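Next come the chains, spelled out residue by residue.
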Amino acid sequence: MRVTFLGAAGEVTGSSHLVETGRHRILLDCGMFQGGREEFRRNAAAFDFDPRRLDAVVLSHAHIDHCGRLPLLVRQGFEGPIHAHPATCELVAVMLEDAARLGVADIERRNRRRARQGLPPLAPLYGPADVERVLRLLRPLDYGTEREILPGIRVRLSDSGHILGAAIVELSASVDGAPRKLVFSGDIGPVGAPIMRDPTPVEDADLLLLESTYGDRLHRSRERTVAELGTIFDEAARERGMILIPAFAVGRTQEILYWLAEHHDAWGLGRWQVVLDSPMAARVIEVYGRHRALFDADGRRAWNGHRNPFEMPGFRLVEDQRDSMRWNDREGGAVIIAGSGMCNGGRIVHHLRHHLWRRTTHVVIPGYQAEGTLGRMLVDGASKVRIHGEPIVVRARIHTIGGLSAHADQRGLIDWCRHFRRLPPVWLVHGEDRARLALAEALRAQLGATVGLARPGLAVEVAAGS
Ligand SMILES: [Zn+2]
């Protein structure tokens, strides 16, 4: 069994790894590269393998940097099954339809500019019909159930605690009569976060692909982070300002709303309108509601009780684009939660454009910001940014609150690795170099691990562990 790293190998987006067993080829994730123009070209480029010769896809979760290129895969001839948790299958439908819509809108805007420059128009990466073809290939697979996806190849998913339906993938195959097992961590969630359960321990593998997003960081505790959020509300209320929160529609949004509902009275939220500005939020809420059996005890209690964030007084769901624009001229009194989580598209970009120049605006950044994104520029302290070609001065206060991350920090990742009876060779994926170099060192020092850094195009053999 051999694994070739295709994406999220030295960066956090574009997750994709090809597993070959001699007779079969399986793709783990088929994620979109995210960032700027260069990433558009990488997404549009041909795959490094022939999609027609691929036998199956196994999906770790529904974030677009893990599933966003599936429509291109299908367009280029893939017709096999796509295995994923049932909640992931439902979320993939919402996410890909949204990505297709955003992609088409983005290309229309760029083409208007290209036409003025005398350049030929670009085609969108994919459209709704391509997404429809992907959805027909989805094969739901519950946590903890083993499925023989191809002769001699078995897959088992377990809860990775990252977002609804997110999975750790265990892939077992018999190669020339000898068993081999590959474990792909997917994105590992933090221990102790509300709503999502803690990541499931795995005890054995011959090779581990481990995410390393926050491999160089220790998150501030959730208690301190939540207290900090309260302070931001106090300040913004005194200044009569706005609070903007870029968040992925799936994952951070639900946890942020959970904390707002939990502290509704203490933070004086009665004076605020809490706006969830997302064309897909309602559908995501429905999927979460249908799968609430997957929540932890805190999440179930909140969802069933009076602290259901979606029934909080002052809560507003904004789906219509024109409704969303009504908030552009507001100076204060609203908390706007909108995607995308890295500010590289979606409605948050418009809100930032209209509010970054004000000193009374507070931008709360709860998630990871990849290199090249507008969110990363804000986190790195840019005093000016360009939004849709217009220079915007940044006077708003930018608060990075790592403690609400959907990813485990260095300690969390190492603790999860401790569950292996015998830690196999580890290949670090889904992390920028600074993060994974630090994690590699910590894994070697604390667990005596053999660690490699995945590079695009590099292939490694899954050898027997003993
Ligand atoms: Zn993710």
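Residues numbered from 1 in each chain as written. Predicted model: local features only at pLDDT ≥ 70, side-chain atom pairs only at ≥ 80, totals over all residues. Heavy atoms only, no water.

Caption draft 1: Just the packing of aromatic side chains, in detail. Counted according to the given criterion, the structure contains 11 aromatic pairs. Ring plane angle 80° and centroid distance 5.6 Å describe the contact between phenylalanine 233 and tryptophan 272, whose orientation is recorded as edge-to-face. Pair noted here: phenylalanine 233 is in helix H6 (residues 222–238) and tryptophan 272 is in the loop between helix H7 (252–262) and strand S13 (273–277), with a separation of 39 residues, a long-range link. The residues phenylalanine 233 and tryptophan 272 share a single accessibility class, namely buried. Seen from their ring centres, phenylalanine 310 and phenylalanine 315 are 5.7 Å apart, and the 75° between their planes marks the pair as edge-to-face. What makes phenylalanine 310 buried here is its relative accessible area of 16%. Since its relative accessible area comes to 16%, phenylalanine 315 is described here as buried. The ring of phenylalanine 33 has arginine 42 sitting right over it, with the charged end atom 3.8 Å from the ring centre. Positioned above the aromatic ring of phenylalanine 47 is the side chain of arginine 69, whose terminal nitrogen or guanidinium carbon lies 4.2 Å from the ring centre. (Phe/Tyr/Trp six-rings, centres within 6.5 Å; stacked < 30°, edge-to-face > 60°. Helix = DSSP H or I, 4+ residues; strand = E, 2+ residues; numbered from the N terminus. Buried < 20%, exposed > 50% of the residue type's maximum accessible area, 1.4 Å probe, protein only. Lys NZ or Arg CZ within 6 Å of the ring centre and 35° of its normal.)

Caption draft 2: Spatial organisation of the nonpolar core. One finds Leu70, Leu73, Leu182 and Leu260 to be the most contacted residues of the largest nonpolar core, which totals 111 residues. At 10 residues, helix H4 (residues 86–116) tops the list of elements feeding residues into this core. Of the domains in this structure, domain 1 (2–217 + 406–461) and domain 2 (222–404) are the two that each give at least three residues to this core. One finds Ala338, Leu356, Leu374 and Val394 within the second-largest nonpolar core, a separate group that totals 22 residues. (Core = buried A, V, L, I, M, F, W, Y, C linked by side-chain atoms within 4.5 Å. Domains from an automatic or database assignment.)

Caption draft 3: Layout of the coordination of the zinc ion. Protein-derived coordination of the zinc ion comes from His61 (NE2), His63 (ND1), His162 (NE2) and Asp187 (OD), at a distance range of 2.2 to 2.4 Å. Read in sequence order, the donor residues coordinating the zinc ion give the pattern H-x1-H-x98-H-x24-D. Across the pair, exposure class does not vary: histidine 61 and histidine 63 are buried alike. (Donors = N, O, S within 2.8 Å, 3.2 Å for Na, K, Ca; no water.)

Caption draft 4: Up close: H6. Here H6 is 17 residues long and its end C-alpha atoms lie 25 Å apart, about the 24 Å a rise of 1.5 Å per residue gives. For H6, the complete set of buried residues consists of Arg222, Thr225, Val226, Leu229, Gly230, Ile232, Phe233 and Ala236. The buried residues of H6 occupy an angular sector of 155° when the element is viewed end-on, so they sit on one face. Looking at H6, the residues exposed on the side facing more than 90 degrees away from the buried face are Glu223, Arg224 and Arg238. Next to the buried residues of H6 lie strand S12 (243–246), H7, strand S15 (334–338), strand S16 (362–365) and strand S19 (397–400). Just past H6, the residue arginine 240 takes up positive phi, approximately 50°. (Expected span 1.5 Å × (residues − 1). Arc of directions from axis to C-beta. Contact = heavy atoms within 4.5 Å.)

Caption draft 5: Just the sheet that holds S15, in detail. Across the sheet, which stays open at both edges, the six strands sit in the order S14-S13-S15-S12-S16-S19 with parallel pairing between neighbours. Looking along the sheet, the strands with just one partner apiece sit at the ends: strand S14 (315–318) and S19. If you compare each strand with its neighbour and ignore which way they point, the axes differ by 20° on average. The pairing of S13 with S14 spans four bridges and is classified as parallel. Across the sheet, residue valine 274 finds its bridge partner in S14, namely phenylalanine 315. Each of S12, S15, S16 and S19 touches H6; the most contacted strand, S16, lies at about 165° to it. (Pairing = 2+ DSSP bridges. Axes fitted to C-alpha atoms, helices over the stretch in contact; angles between N-to-C directions.)

Caption draft 6: How the structure looks around the pairing of strand S3 (residues 25–28). The side-chain alternation of S3 yields two buried faces, one formed by Arg25 and Leu27 and the other by Ile26 and Leu28. Here strand S2 (residues 16–20) runs beside S3; their pairing, made up of four bridges, is antiparallel. Residue pairing in the sheet places glutamate 20 in a bridge with arginine 25 of S3. Counting the residues between successive antiparallel strands, the hairpin from S2 to S3 contains four residues, one of them, glycine 22, with a positive phi of roughly 95°.

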